[in-house]
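Spelled out, the chains give:
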Amino acid sequence: MTEVLRGVRRDRRLEIDDVADAVATRMERQRHLHRPGTRWVFLLEEAVLRYQYATADVHREQLEHLATAMRLPSVVVGIIPMGVPRQGVRARESFDIDTFDDGAVKAHVELLGGLLTLTHPADIALYRRAWDDLRGLAVVGDEARALIRAAAAATE
């Protein structure tokens, strides 16, 4: 995460170096993965497993961290294999959909300049359809772990 955020700082030509604080905040947020009653479903394109933003050692550590997180009962990781027939389902920008205890739903879209938050029902529906399409292409469990192992092996 440190290397990714350093890259963001470079891209945006930011003078202030708050990378350490940002990493600490993100690490603290990971405690939510252990919160009772929550469920986290992540979808990744296989190619993302192979992008090396840091050294090979750091990259392997990240992949090991992902494999460890997959063992948590609250976490499901789906990986869309590079060779899967897409049949009209194209790669999408990074986004997430949050459903809150009060029933509120928000879609967050990661843009180069920041995070876009959408709350209009038509926008939410659009991203839910995209999510469903992408999830239908993904593998989970042992198949996903095999893709992670292959990406880690490619760094050696």
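Residues numbered from 1 in each chain as written. Predicted model: local features only at pLDDT ≥ 70, side-chain atom pairs only at ≥ 80, totals over all residues. Heavy atoms only, no water.

Asks: Which residues make up the overall build of the chain, and what are the values?
Replies: Helices and strands together make up the secondary structure of the chain, namely 6 helices and 5 strands. In sequence order, the secondary structure elements of the chain are arranged as α-α-β-α-α-β-β-β-β-α-α. Taken over C-alpha atoms, the radius of gyration comes to 17 Å for the chain, in line with the 15 Å a tight globule of 156 residues would show. By its C-alpha atoms, the chain is 40 × 40 × 35 Å across when sized along the principal axes. Going through the 156 residues of the chain one by one, you find that 27% of them count as buried. Sequence separation of at least 24 residues holds for 61% of the intrachain contacts in the chain that already meet a minimum separation of 6. Accessible surface computed for the chain: about 10700 Å², of which carbon and sulfur atoms make up 53%. (Helix = DSSP H or I, 4+ residues; strand = E, 2+ residues; numbered from the N terminus. Rg over C-alpha atoms; globule rule 2.2 N^0.38 Å. Buried < 20%, exposed > 50% of the residue type's maximum accessible area, 1.4 Å probe, protein only. Contact = heavy atoms within 4.5 Å. Areas by Shrake-Rupley, 256 points an atom, 1.4 Å probe, with all protein chains shown as cover.)

Asks: For the nonpolar core, give the residues involved together with the corresponding values.
Replies: Within the largest apolar cluster, 15 residues are counted, with the highest numbers of intra-cluster contacts made by L49, L63, V77, I79 and I148. Contributing elements (two or more residues each) for this core: α4 (56–69), β2 (75–80) and α6 (141–153). With 5 residues, the top contributor of residues to this core is α6. Setting aside chain neighbours within four positions, we find L63 in contact with L49, I148, A151 and A152. With 13 residues, the next largest nonpolar core counts F95, I124, A130 and L137 among its residues. (Core = buried A, V, L, I, M, F, W, Y, C linked by side-chain atoms within 4.5 Å.)

Asks: Account for a nonpolar patch on the surface, with residues named and values stated.
Replies: Taken together, M1, V4, V8, V48, Y51 and Y53 make up a surface patch of nonpolar side chains, about 530 Å² in accessible area. If you trace the backbone, Y53 turns up in the loop between α3 (46–50) and α4. What makes Y53 exposed here is its relative accessible area of 59%. (Patch = residues over 30% accessible without salt bridge, like charges linked within 9 Å, V, L, I, M, F, W, Y side chains within 5 Å. Salt bridge = Lys/Arg side-chain N within 4 Å of Asp/Glu carboxyl O.)

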